[in-house]
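# A look at the structure
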Number of protein chains: 6
Amino acid sequence: MMAKFEPSKEVLSGETADVYFHRTLDILSREKLNPQAVMEVFPCRDGILCGIEEVTALLQKVLPVIESGIWALEEGAAMSRKEVVLRIAAPYQSYGLYETAICGMLSPASGWASAARECVQASAGIPVVSFGARHVHPSVAAVMDYAAVIGGCQGCSTTLGAKLAGIQPSGTMPHALMLVMGDTVAASVAFDKYMATDIARVSLVDTFKDEVEESLRVAQALGKKLSAVRLDTPRERGGVTVELVKELRAKLDLAGFSHVGIFVSGGFDAAKIRLFVEQQAPVSGFGVGSYITATPPIDFTADLHEVAGKPVAKRGRLPGITPNPRLNRVM
Amino acid sequence: MMAKFEPSKEVLSGETADVYFHRTLDILSREKLNPQAVMEVFPCRDGILCGIEEVTALLQKVLPVIESGIWALEEGAAMSRKEVVLRIAAPYQSYGLYETAICGMLSPASGWASAARECVQASAGIPVVSFGARHVHPSVAAVMDYAAVIGGCQGCSTTLGAKLAGIQPSGTMPHALMLVMGDTVAASVAFDKYMATDIARVSLVDTFKDEVEESLRVAQALGKKLSAVRLDTPRERGGVTVELVKELRAKLDLAGFSHVGIFVSGGFDAAKIRLFVEQQAPVSGFGVGSYITATPPIDFTADLHEVAGKPVAKRGRLPGITPNPRLNRVM
Amino acid sequence: MMAKFEPSKEVLSGETADVYFHRTLDILSREKLNPQAVMEVFPCRDGILCGIEEVTALLQKVLPVIESGIWALEEGAAMSRKEVVLRIAAPYQSYGLYETAICGMLSPASGWASAARECVQASAGIPVVSFGARHVHPSVAAVMDYAAVIGGCQGCSTTLGAKLAGIQPSGTMPHALMLVMGDTVAASVAFDKYMATDIARVSLVDTFKDEVEESLRVAQALGKKLSAVRLDTPRERGGVTVELVKELRAKLDLAGFSHVGIFVSGGFDAAKIRLFVEQQAPVSGFGVGSYITATPPIDFTADLHEVAGKPVAKRGRLPGITPNPRLNRVM
Amino acid sequence: MMAKFEPSKEVLSGETADVYFHRTLDILSREKLNPQAVMEVFPCRDGILCGIEEVTALLQKVLPVIESGIWALEEGAAMSRKEVVLRIAAPYQSYGLYETAICGMLSPASGWASAARECVQASAGIPVVSFGARHVHPSVAAVMDYAAVIGGCQGCSTTLGAKLAGIQPSGTMPHALMLVMGDTVAASVAFDKYMATDIARVSLVDTFKDEVEESLRVAQALGKKLSAVRLDTPRERGGVTVELVKELRAKLDLAGFSHVGIFVSGGFDAAKIRLFVEQQAPVSGFGVGSYITATPPIDFTADLHEVAGKPVAKRGRLPGITPNPRLNRVM
Amino acid sequence: MMAKFEPSKEVLSGETADVYFHRTLDILSREKLNPQAVMEVFPCRDGILCGIEEVTALLQKVLPVIESGIWALEEGAAMSRKEVVLRIAAPYQSYGLYETAICGMLSPASGWASAARECVQASAGIPVVSFGARHVHPSVAAVMDYAAVIGGCQGCSTTLGAKLAGIQPSGTMPHALMLVMGDTVAASVAFDKYMATDIARVSLVDTFKDEVEESLRVAQALGKKLSAVRLDTPRERGGVTVELVKELRAKLDLAGFSHVGIFVSGGFDAAKIRLFVEQQAPVSGFGVGSYITATPPIDFTADLHEVAGKPVAKRGRLPGITPNPRLNRVM
Amino acid sequence: MMAKFEPSKEVLSGETADVYFHRTLDILSREKLNPQAVMEVFPCRDGILCGIEEVTALLQKVLPVIESGIWALEEGAAMSRKEVVLRIAAPYQSYGLYETAICGMLSPASGWASAARECVQASAGIPVVSFGARHVHPSVAAVMDYAAVIGGCQGCSTTLGAKLAGIQPSGTMPHALMLVMGDTVAASVAFDKYMATDIARVSLVDTFKDEVEESLRVAQALGKKLSAVRLDTPRERGGVTVELVKELRAKLDLAGFSHVGIFVSGGFDAAKIRLFVEQQAPVSGFGVGSYITATPPIDFTADLHEVAGKPVAKRGRLPGITPNPRLNRVM
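The following refers to the structure shown. (Residues numbered from 1 in each chain as written. Chains lettered and ligands numbered in written order. Predicted model: local features only at pLDDT ≥ 70, side-chain atom pairs only at ≥ 80, totals over all residues. Heavy atoms only, no water.)

Scanning chain A from terminus to terminus reveals 13 helices and 14 strands. Taking the principal axes of the C-alpha coordinates as reference, chain A spans close to 80 × 35 × 30 Å. Burial statistics for chain A: of 331 residues in total, 65% are counted as buried. Contacts in chain A between residues at least 24 apart in sequence constitute 72% of all its contacts with a sequence separation of at least 6. Working note: accessible area of chain A is about 11,300 Å², and carbon and sulfur atoms make up 54% of it. Computing the positive centroid from 33 side-chain charges and the negative centroid from 35, chain A places the two 1 Å apart. (Helix = DSSP H or I, 4+ residues; strand = E, 2+ residues; numbered from the N terminus. Buried < 20%, exposed > 50% of the residue type's maximum accessible area, 1.4 Å probe, protein only. Contact = heavy atoms within 4.5 Å. Areas by Shrake-Rupley, 256 points an atom, 1.4 Å probe, with all protein chains shown as cover. Lys, Arg positive; Asp, Glu negative; His and termini not counted. Charge placed at Lys NZ, Arg CZ, Asp CG, Glu CD.)

Each partner contributes residues to the interface: chain A has 90 residues there, and chain B has 90 residues. Both faces combined, the contact of chain A with chain B buries some 7,800 Å², and carbon together with sulfur accounts for 61% of it. Linking chain A with chain B are 10 salt bridges, by the criterion used here. A salt bridge links Lys82(A) to Glu236(B), with the shortest nitrogen-to-oxygen separation between them at 2.8 Å. Here chain A is connected to chain B by 38 residue pairs in polar contact (both at pLDDT 80 or more). By residue number, the principal contributor to the side of chain A that touches chain B is helix H2 (residues 19-30) of chain A, which donates 10 residues. Its residues assigned to classes, the side of chain A that touches chain B shows 43 nonpolar, 21 polar and 26 charged. (Buried area = accessible area lost by both parts, 1.4 Å probe. Salt bridge = Lys/Arg side-chain N within 4 Å of Asp/Glu carboxyl O. Polar contact = N/O pair within 3.5 Å; in protein donor to acceptor, adjacent residues only side chain to side chain. Nonpolar A, V, L, I, M, F, W, Y, C, P; charged D, E, K, R; others polar.)

Relative to chain B, chain A is turned by 180 degrees and slid 0.0 Å along the rotation axis, the superposed coordinates differing by an RMSD of 0.1 Å. Seen this way, the second copy is the image of the first under a two-fold rotation axis. When you check the interface residues of chain A against chain B, 100% turn up at the interface there too, and the contact is symmetric in its surfaces. (Least-squares fit on C-alpha atoms with pLDDT ≥ 70 in both.)

Moving on: the relation of the copies chain C and chain B. Superposing chain C onto chain B takes a rotation of 120 degrees plus a shift of 0.0 Å along the axis, which leaves an RMSD of 0.0 Å. Those values place the two copies in the arrangement expected of a three-fold rotation axis. Rotation axis and chain C: the residue whose C-alpha lies nearest the axis is Ala271(C), separated from it by 19 Å.

Once that is clear, we can look at the pattern of salt bridges. According to the stated counting rule, one finds 156 salt bridges over all chains in the structure shown. Close ionic contact of Glu213(D) with Lys209(D) constitutes a salt bridge, the shortest N to O distance being 3.7 Å. Each member of the pair, Glu213(D) together with Lys209(D), is buried. When the shortest N-O distance is used, the salt bridge between Arg217(F) and Glu214(F) registers 2.5 Å. On the criterion of helical spacing, the pair formed by Arg217(F) and Glu214(F) is a turn pair, its members being 3 residues apart in helix H10 (residues 211-222). The network of salt bridges with shared partners includes Asp210(A), Glu211(A), Arg237(A), Glu247(A), Lys251(A), Arg315(B), Asp210(C), Glu211(C), Arg237(C), Glu247(C), Lys251(C) and Arg315(D).

A separate point is the sheet that holds strand S14 (residues 328-329) of chain F. All names here are of chain F. An order of S13-S12-S1-S5-S3-S14 is seen for the 6 strands of this open sheet, with the pairing classed as antiparallel. Sheet topology places strand S13 (310-311) and S14 at the edges, where each strand pairs with a single neighbour. Both strand S1 (residues 36-43) and strand S12 (residues 300-307) contribute to a ladder of 7 bridges, which runs antiparallel. By the bridge assignment, Val-41 is partnered in S12 with Ala-302. Sitting on the sheet, helix H5 (residues 99-123) is in contact with S1, strand S5 (86-91) and S12, with an inclination near 140 degrees to S12. (Pairing = 2+ DSSP bridges. Axes fitted to C-alpha atoms, helices over the stretch in contact; angles between N-to-C directions.)

Another point: the packing of aromatic side chains. Describing an aromatic ring pair means giving the distance of the ring centres and the angle of the ring planes. Within the structure shown, the criterion is met by 40 aromatic pairs over all chains. Taking 4.9 Å as the distance between ring centres and 80 degrees as the angle between the ring planes, the aromatic pair formed by Tyr20(B) and Phe21(B) counts as edge-to-face. Assessed through its relative accessible area of 12%, Tyr20(B) is described here as buried. Between Tyr92(F) and Tyr95(F) the ring centres are 5.6 Å apart and the planes differ by 65 degrees, which places this aromatic pair in the edge-to-face class. Here Tyr95(F) and Tyr92(F) lie together in helix H4 (residues 92-95), a separation of 3 residues that amounts to about one turn. Overall, the relative accessible area of 0% leaves Tyr92(F) in the buried class. Of the aromatic side chains, those joined through ring pairs into one cluster are Phe268(A), Phe276(A) and Phe286(A). Cation over ring: Arg87(C) sits above Trp71(C), and NZ or CZ is 5.9 Å from the ring centre. (Phe/Tyr/Trp six-rings, centres within 6.5 Å; stacked < 30°, edge-to-face > 60°. Lys NZ or Arg CZ within 6 Å of the ring centre and 35° of its normal.)

Below, the discussion takes up the pairing of strand S3 (residues 69-72) of chain E. Residue and element names in this part refer to chain E. Of the pairings in the sheet, the one linking S3 to strand S5 (residues 86-91) comprises 4 bridges and is antiparallel in character. Across the sheet, residue Gly-69 finds its bridge partner in S5, namely Ala-89. Relative to strand S14 (residues 328-329), S3 is paired through 2 bridges, and the arrangement is antiparallel. Bridge pairing in S14 places Trp-71 opposite Arg-329.

The next subject is the pairing of strand S5 (residues 86-91) of chain D. Residues and elements named next belong to chain D. Burial within S5 is extensive, with 6 of its 6 residues counted as buried. Pairing geometry for strand S1 (residues 36-43) and S5, over 6 bridges, is antiparallel. Its bridge partner lying in S5, Glu-40 is registered against Arg-87.

Looking now at the sheet that holds strand S11 (residues 285-288) of chain F. Residues and elements named next belong to chain F. Strand order in this open sheet of 6 strands is S7-S6-S11-S10-S9-S8, and the pairing throughout is parallel. Looking at strand neighbours, the two that pair on one side only are strand S7 (155-156) and strand S8 (202-204), the edges of this open sheet. Pairing analysis gives 4 bridges linking strand S9 (residues 228-231) to strand S10 (residues 261-265), with the strands arranged parallel. Its bridge partner lying in S10, Ala-228 is registered against Gly-261.

For an interface, size is often stated in terms of accessible area lost upon the parts coming together. The partner chain B presents 8 residues to the 6 residues of chain C that form the contact. Buried surface at the junction of chain C and chain B, both sides included, amounts to about 560 Å², of which 59% is carbon and sulfur. Across the contact surface, chain C and chain B share 1 salt bridge. Counting the contacts that link chain C with chain B gives 2 residue pairs in polar contact (both at pLDDT 80 or more). Taken together, the residues of the side of chain C that touches chain B break down into 2 nonpolar, no polar and 4 charged.

Attention now moves to the packing of helix H3 (residues 52-62) of chain E against helix H5 (residues 99-123) of chain E. Residue and element names in this part refer to chain E. Put simply, H3 and H5 touch, their axes get as near as 8 Å, and they point 160 degrees apart. Here H3 is positioned roughly antiparallel relative to H5, judged by the angle of their axes. Regarding H3 and H5, the two cross each other, and that crossing is right-handed. Contacts between H3 and H5 involve Ile-52, Glu-54, Val-55, Leu-58 and Leu-59 on the former and, on the latter, Ala-101, Ile-102, Met-105 and Leu-106. For the contact of H3 with H5, the class distribution of residues is 8 nonpolar, no polar and 1 charged. (Parallel < 35°, antiparallel > 145°, perpendicular 65-115°, else oblique. Left-handed = near helix turned anticlockwise from the far one by under 90°.)

Next up on the list: the packing of helix H5 (residues 99-123) of chain B against helix H12 (residues 270-278) of chain B. Residue and element names in this part refer to chain B. It is at 8 Å that the axes of H5 and H12 come closest, and there the two elements cross at 5 degrees. Taken together, H5 and H12 sit at an angle that is classed as roughly parallel. Here H5 contributes Glu-118, Cys-119, Ala-122 and Ser-123 to the contact with H12, which in turn contributes Ala-270, Ile-273, Arg-274 and Val-277. Looking at the contact of H5 with H12 residue by residue, the class counts come to 5 nonpolar, 1 polar and 2 charged.

What follows covers helix H12 (residues 270-278) of chain D. Residue and element names in this part refer to chain D. Considered for burial, the residues of H12 that qualify are Ala-270, Ile-273 and Phe-276. Taken end-on, H12 shows its buried residues confined to a sector of 125 degrees, consistent with a single buried face. The elements touched by buried residues of H12 are helix H5 (99-123), helix H11 (242-254), strand S11 (285-288) and helix H13 (290-293). (Arc of directions from axis to C-beta.)

For the rest of this paragraph, the subject is the environment of Leu304(D). Following the sequence through the fold, Leu304(D) ends up in strand S12 (residues 300-307). Each C-alpha atom of the pair Leu304(D) and His175(D) lies 52 Å from the other, and the pair is 129 residues apart in sequence.

Between its first and last C-alpha atoms helix H2 (residues 19-30) of chain C spans 17 Å; for 12 residues at 1.5 Å apiece the expected length is 16 Å, and the two agree. What H2(C) keeps buried is the set Val19(C), Tyr20(C), Phe21(C), Arg23(C), Thr24(C), Leu25(C), Ile27(C) and Leu28(C). Turning to H2(C), the residues buried within the fold contact helix H4 (92-95) and helix H5 (99-123) of chain C together with helix H7 (159-165), helix H8 (175-181), helix H9 (184-194) and strand S9 (228-231) of chain D. Looking one or two places after H2(C), you find Lys32(C), whose phi comes out positive at around 55 degrees. (Expected span 1.5 Å × (residues − 1).)

One can find Asp299(F) in the loop between helix H13 (290-293) and S12. Those residues in contact with Asp299(F), other than ones at most four positions away along the chain, are His135(E), Ser290(E), Phe42(F), Pro43(F), Cys44(F) and Ser107(F).

Here's what the structure looks like:
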């Protein structure tokens, strides 16, 4: 797993760091001050830790082999507000420049993983798939998908994210395919004709016609090959409701298509998933996008607690190393 | 400006796209379907548009020179919920793969720019500086800082973000410098000794002692060279309050240091800035971090409205091109 | 108009009166007490007065021709909380038994009329039709429809209610017709074939298929003869929304059916009507049912204020006749 | 019991039906379409079922003896939201016209019965009497009183309602009797003189004097014959409070009138009854009016679920017969 | 006016001071430190200043005639939160011991005066009388009544309070008088028989009978000599309501007693007075008790701002004299 | 204990009584009416009874030795709303004048004691000290401190209050001492030099410098003699927070001053004390001021229940003696 994350040259050069760290390093270097220093990092609220592998990969690249130590919780671990999740002990100049990157790798990834975890806990075993790539910048789409999988999602939609997470990407059909081809059945038949057999046939059924009618048409066309239909009914048309899923299930069953699953997407968050599970909507999978991507970063703070062997702290913090038996030494 | 953004190879290859667009392109290509198609992109809520230059740079790279058109609002323009901010007319296969990236470039950047705009509107002319790099992944730190400047921030803390925005990076001193050097005055004197003269001397005064006492000590040490002090008092010590700023101002003035400004940071959002302005706190600058970075993306939606010259739309949307006289043709 | 209401024999015999009025009349008669008495009637909240014609018809039947007087506001008048809307001066034994019926004729009718008035005020000139007969007991369905018309409704659904209100009944098609005939187009064609030409062709389009698709099918079948379509989409399918109406309008227009109106029903109340009007949903009529029928009666109170020429009042009330220049003598 | 309800000629002729059912029957008859059809009826919220006997009486009159079936819950049964309470299987033309009446007989009666049940449950065994006749139209006063008794009321005030419910009507004295006779004691003595001995002597004591003083005067005049006093103190005078009842009880007892009960009325609803019971107010009976009559109808919906042996349903509903083992066949 | 307040020996000896002031004076005296010091006193919220005359009387007794200055707002002045209402300049040892007493004289008195002012502003010219003596300790009853008069009350109930305020005490009759004499009319006649003619005859009419009946009885007994009746109906009997006052007024007028005023008491606060005034209740006077006495003290803070001619301040305050042009020199 | 309270001459003469009691006594005396009368006193809400000893001292002075009885709950007892806490049986003229004083002695004292009790219950054994003398009039400062001790406070700040409560007064140092001496360490050393050894050395550390820095300076100066430091940080500087206390504790311990306690004051109420205890802030004492003094009086009502052996009551109350087995005869 360790090879997975490779620090970019912008991170290594500090171009994405707060500029005052450059200045600090410059001053300390001219003053020939490079004490052994212990930095601790903690989150501002409870959640799932994510990004620690990327941070470790960075630190292992920059810290001197001797004189250094890294202690951390594991990727995906539950963490508490103000709990120390990472401790670095090394000469300050070796890592001072990376405080911005360390916090930045942890904050959004932990936010996304925590949101994904909420959805997965609500879904009671029904698969949740990360569909949020379109809501984040492409430069972090893969990290977001990776974090969603760390949080418990069973799939994600980007190729790069899936690769980072060690899984295959998931996808059905976009509305664009339907609109370009002009008919849902035609698009579904073409999908079936060209796609490799290990890709599930999941047809999107809300583009042109009533969802139930369209589902029956597609099911008649693809028969046993149809794995599932996807409901993504827009809010303007009432969105996806428990009642719609139940009605579709009943009418598919009545027509002999009990093997066809119902995958739902569009505005799902932990609360809506919970509602669907509580009301026993017969769903085979949930696609979740903006709930994960709209979750704010879990901000992390990095504090020096020991300099040259002496406990220190800025006002408002406690000096000295904070004990946390959950930390493991990773370097 | 156009040269500023260069699409990455992961974006161009579609590795960060939703996988179903790969499949769609594959199907359409085998079916030899490549109609002229018009796609429109709109936001889910009001805000400031940001990312459109990056999107345009991508499209200009991938669209065929003839047969294509791009119409867009300008970077930094105010936009309304559901207003079309981008229209693309081109053969579908030339851009279908980039729907994920197009939305992904616009969504978070517009969210960040909109949050920055709120702060800038609240600050009534007092400079606002983007300090949020540590809350976003390093891969997007520069884009975030750029968006904050598009939203109206006068400065930002990362070198790369400042470069993208065409300005110089801003920074004072981190607590780490104080803790490593062990004394605020010593650190301030060293800063002054080594830094280029065009970098403002702004000393951080809440690390060890009472902020007022420390400010007076630093002011005595640096005299006229001291540009400002920065208050970043942690929440555990009451945070930065209007009263603290007024008290510091009064005591600096009483001691003859009227030339020293007061820069504040730590938990500032639009509401807190508004409060400081209303209560006439004598502030010379606001540092804003997590308010900008915690603002959720403004999700964008991309819809096909015309295929091969015919108005189309999925259920819930209106077929045909949506008139918007504010759009400018950019290609 | 006066002949319109005919008191039933149960009302005249007092079988529907509170039994203590029977006993009171029995006692007073044995005591030979039949003083001239003035009774005043007022509502417990603001609203539209309805039922006063039915009350007047009853009183004119039972009061002695000489010695009696009735003063009242007009049917449909706006009235204020505690305003006297009816004053009766007559020998007490001639009308004491009817206190229950007088209040009972005014209370629910005024409640219904007031609710209808709210809808009509919200609809800004777009017709509102009373569809609530199924929510009230058949014995009062006609009175309810009459009250809705007094409140401003342009139509109502029951034959007897329409007769009472002096108009023609309104109706489109029930879901049952569709389900029995099995197809919306077939049902619409049959309706057109058999119904008199002065009955508008309004087809119900949400039974089997997507509303837009069904509307286009019916419009193609009936052409210029189709007056309107009715949307009654159930809550399970998202209900009738502004967006659905706009989408249907756009797609009807695109297909050349601009002459076809859109009539909406299902869960409409004053607030939802106001929303549709504010958001400029292109609606040609609103069907309102349970909002009118679920409005509680406006309770009326009847008090004796003068007995044998002397001002009287129970504790909590003011003795003597309450002046109200708005009252007209109707007998 | 079956003979109790007799459908009126307006109901049988369909004059109170929604007019589109006339038209539907006309069309189907001309098309010679009269399939066997199954209709199911369910309420929109939880409550007590009332009106089902009246509905059954209607259906038994109109359905063909062979080919027909009726399944229903019992009058007074508790029912759940969306539970099927009535199923009709018969040729559609035999009952299609009565959909409006069927729902209309069930909706308000079930609302009234449910409200009465709440009061009775709150009263913990103390009798509750229906006093709401003056708040409903005389045409349904008896049905309302009947529904209140089905809900659990021990008495009701109208003669016709009591007859329908198989009990004797209840009543005390109206304020009008006091005001006409001019003195509470005089009125009470006259009541006692003329009324049959099986009618309880319950004197209304808030018309002229302090309630306690008046109660003692009446008790002295009637002695052991006085069954109870009624408190109906108007809101302007503070209404009937727990403290007033306790004070009256204490002062009646102190004067030796422990046999005289205290009956209360005026603004009582389930919450106020519960408060009186919890605070142990020594009440012998509660009169309830507008709480029952202001409760909105429990709207019922009638859906076709099978036509000519085939499961059907409109969009939003599940096709086929809905199993409900609680239903009993009543025809 | 200056002679009015005489500091008690406990105040002068410091027995009621916080003990640490004794210790402070002891230390300073042994250290021979007695610098000229300026103390400023300000309230924690807006209100009416009261107690400043008592404070001034104390300071004039203890400050040295030379070297001292007192600046203050006037008794009864409106003051703002944090506004300096008192400035003392004198050798610190002369007044340091009295900081507790100075704040203590101002805090509750200003609270009471402010509450009284609110009632008086609400009453729109109708007299308000302070009836709260029973809710405060007898040692401060007179000060409370004085403060209420400073706040605008037209009368107060204690002899000592009235004396302090320079007015005559106000009072009607207590329930105890009625209960001992056993009849309201008898008590009223006795009152009239023995009391000096300059004391208004105001009879309390809610002890035994209905208030209206009792008022009429008393009015018949005392005729033109009856000045007013007082309503103090307890909450258990509905309290004093606008409707009760209007009913009493109407029935007094009907009986020819238009000259008899209606004085009300019992639970009146600014909001209830405002309601009575808005609804035009014909009241001749309001008695207010616990609203004034339950108002918390307006806490005052005393800070040293100059010592030996140098601006000083503790952390959180601004050093040096705070300009306030509203202050007048009183010594 | 009985000798503790001595009624003042103003109370005995009735100068602080409501004037209508003077008049009542005058009337009854001229009418020669002096029946044996039983008065009962009860509070308007739950709380801690305080002031009953002062009331008893008054009554024992004025009641005739024979024919009189007093029954009461004990000082400091918990009492319920409307519970009789005092019953007096004696000739009415002997105590009628003192109704105002009796209620006035109980009302504020019980309010203060109840508020103190809430703080003491919240503090879970950590001492609470009454610091509110500056918020009440000096005439009642001692009574307030006494009530706070009755409520459970372990100390109070006034000499006279402490004497009444039978304890020693408590105090640390005021900000004024610091400001006059100009340095916290100098003031602390002087305090230590002059004060008796049985007075604890508690230094106030928030006047000039950061609280932690100042605490360490004072601890170094006084060493083992320093008992505690007091934090009274003003709201403008963030107030006293749990985090500040923990930080100070950690840094004192780190520097070897584990024996120095932390006493806190400034805005503490029951809720804030509970928070500190729940979050395990290492506090050695709480100073509470305005929470106790701002608590409104618990109003008491005195009612006659028996006159000349006969049960009586005004309207709204129950006649006759109210049984309460908790009452003890005290005379």
